[in-house]
Amino acid sequence: MGERRGRLLQRSIALGYVGVLVIVPLFVITWRALADGWSGFVSALSSEQAVTAFRLTAEIAVAAVAINTVFGVGVALLITRYRFRGRRFLGSLADLPISVSPIVVGFALVLVYGPTNGWFGKSLAHANIQVIFALPGMILATAFVTMPLVLREVVPVLEEEGLDQEQAARVLGANAVQRFRRITLPVIRPALTYGIVLSLARAIGEFGAVKVVSGNVSGVGQTQTVPLLIEERVEQIEPGSYQLAFVLILVTVLAIVLVSLKRSKESVS
Amino acid sequence: MSIEATGIVKRFGSFVALDDVDLSVASGRLTALLGPSGGGKSTLLRIIGGLDEADAGQVRIDGVEATGVPAQRRNVGFVFQHYAAFKHLSVFRNVAFGLEIRKRPKDEIKRRVGELLELVHLEQFADRLPSQLSGGQRQRMALARALAVQPSVLLLDEPFGALDAKVRRELRDWLRRLHDEMHVTTVFVTHDQEEALEVSDELVVINHGRIEQVGTPTDLYDKPANDFVMEFLGPVTTLGGRLIRPHDVEIFPQHVDRSVEAEVTRVQRIGFEVRAEMRTADSEPWAQLNRGQAEELALAAGSRVWVRATD
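Residues numbered from 1 in each chain as written. Chains lettered and ligands numbered in written order. Predicted model: local features only at pLDDT ≥ 70, side-chain atom pairs only at ≥ 80, totals over all residues.

Secondary structure summary: chain A contains 13 helices and 0 strands in total. Each helix and strand of chain A, ordered N terminal to C terminal, gives the series α-α-α-α-α-α-α-α-α-α-α-α-α. Taken along the three principal axes of its C-alpha coordinates, chain A extends 75 × 65 × 30 Å. (Helix = DSSP H or I, 4+ residues; strand = E, 2+ residues; numbered from the N terminus.)

Have a look at this one:
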């Protein structure tokens, strides 16, 4: 009897914890978003500002995730396949973006690439390349913040699988590209997919770092992403922020649910 | 297809894995590299296969310089201790891998893989994943995969090391029969002297990065070049300050020429074999006898006997 009660208590604590931290806030947002009905949604999402913000958010997320997929897999291969000085350091350095505040990341980027007094700012300005307060800076900031997500998913899989399969492919005549496509990629594919989805979810929602480097210019040539638009609407007490937030949450939750469903199906078969 | 390795040196940091090793394997032979773990035998095999690079020395396969040629262009077959199965591919696709890389026509691949799967008795498992096979089946698949590309030499790195004793024995016999049918030059690494003696045409004993002795199993067993080879190839005991095989210890109920007196301290039966541990004035030899011999001598702890080494 006592054991059962203990288990019940454990479960309630776990549920309560997740509830207070995650479920209640999400529920409130959802409830508010749906309160104004279909017309509320349409007006919140169909304004030109909102459409452009969604497009910009998607562009930034796709670009940042593409960068991190290529480099994440590359660095993961480097860390697991080669022994070199500074290998461990590189591994822990890749974790840095998780612990650094996104605002600090944004400021750091401004200090490096800023047009007036950034390190590379002057030369970039001469070459007519605008990084800060423009799309490249926002992609950089998002890529920085999402950097470890692919890497951290892929490294353990590569470590666990070891080199045997790749060596076997090698003696069977496969060159580096063939080995990667036929052996390494299938091995890391589930982990890679999960890492990409996590990165996408994180990239869509990134606020702090992007806010600092974006300048939050709305209108023509704007640099306003969906999270920045949500902030603006909340501050101006304009309607439509809940609906935007709801869409971001929905996209994220759907992506993660789909991937975990696929994952559990793969582990069953 | 012969293999010639000359002056091979390999260091890992300050550890010398191979110290100026020369190895020559005649075409069509089944050669075992035998030695304790860490002795350098696997490293030598991997250097022949191109998976490791030697710090110095040359490798020639079938008379053609192979040093510096990457593994994917050496056309060798390699079988790994832990199978190295492609986990996401079916048994069929595993075996077909090398042929697909070589862009052979589909019907040729189908026919060739079919033949090989029949050869390794896995034809009914073609559509399974490696995870659905037993260890022995996986290693047979790996062997078929290595043979599919018609390699000039077949290299096996502790191929039966991860299998249990019974499967090990089966695969060992089967490898020997397979080799007799195919005659592909084969080198396999093992630390199991029984396996090496039973399967191979030629034995190469490697220890501390050096080759201790090369010869037929009979040569090496009967005429070991040194104490290390003698000890490594089978059980040994000392009698009169000499290292001898326990089955070469003769026991008599009374004094005979050249014999010394001994007291039996322990008699142990292992199936048909009987081990008699004894104590003489200067050593503690043990003898290996069969049941009949032991009964005839009525050996028991405390018996007084005379022992000598057979010539």
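Bringing the pairing of strand 16 (residues 286-290) of chain B into the picture now. Residue and element names in this part refer to chain B. Of the two faces of strand 16, the one lined by Ala287 and Leu289 is fully buried and the one lined by Trp286, Gln288 and Asn290 carries no buried residue. One ladder, built from 5 bridges, connects strand 15 (residues 273-279) with strand 16; its direction is antiparallel. The partner of Ala276 across the bridge, within strand 16, is Ala287. Following strand 15, the chain reverses through 6 residues before pairing antiparallel with strand 16. (Buried ≥ 20, exposed ≤ 12 C-beta atoms within 10 Å, placed from the backbone. Pairing = 2+ DSSP bridges.)

All names here are of chain B. Residues Val274, Ala276 and Met278 line the buried face of strand 15, whereas the alternating positions Glu273, Arg275, Glu277 and Arg279 sit on a face that is not buried. Relative to strand 15, strand 14 (residues 260-270) runs antiparallel, the two sharing 7 bridges. Residue pairing in the sheet places Glu263 in a bridge with Arg279 of strand 15. Following strand 14, the chain reverses through 2 residues before pairing antiparallel with strand 15; Gly271 in that reversal takes a positive phi of roughly 65°.

With that settled, the discussion passes to the nonpolar core. Counting 133 residues, the largest nonpolar core has A:Ala141, B:Leu44, B:Val95 and B:Ala144 as the members making the most contacts within it. With 14 residues, the single largest contributor to this core is helix 8 (residues 135-161) of chain A. Not counting residues within four places of it along the chain, the set of residues in contact with A:Ala141 comprises A:Val105, A:Gly106, A:Leu109, A:Ala209, A:Val210 and A:Val213. Formed by 13 residues, the second largest nonpolar core is a distinct cluster that contains B:Leu239, B:Ile251, B:Ala287 and B:Val307. (Core = buried A, V, L, I, M, F, W, Y, C linked by C-beta atoms within 7 Å. Contact = placed C-beta atoms within 7 Å.)

This next bit is on the environment of A:Val110. All names here are of chain A. Counting through the fold element by element, Val110 comes out in helix 6 (residues 102-113). Looking at Val110, the number of C-beta atoms within 10 Å reads 22, which means it is buried. Residues Val110 and Ile132, 22 residues apart in the sequence, show an inter-C-alpha distance of 6.3 Å. With residues up to four places along the chain from it excluded, the contact list for Val110 reads Gly118, Ile132, Val212 and Val213.

This part is about the sheet that holds strand 10 (residues 210-215) of chain B. Remark on secondary structure: sheet strands pair via backbone hydrogen bonds, oriented parallel or antiparallel. Residues and elements named next belong to chain B. If you trace the 6 strands from one edge of the open sheet to the other, you get 6-7-8-3-9-10, paired in mixed fashion. Each end of this open sheet is capped by a strand with a single partner; those strands are strand 6 (76-79) and strand 10. When the angles between neighbouring strand axes are averaged without regard to direction, this sheet yields 15°. When strand 3 (residues 30-34) meets strand 9 (residues 202-207), the two strands line up parallel, connected through 4 bridges. Bridged to Thr31 within strand 9 is Glu202. (Axes fitted to C-alpha atoms, helices over the stretch in contact; angles between N-to-C directions.)

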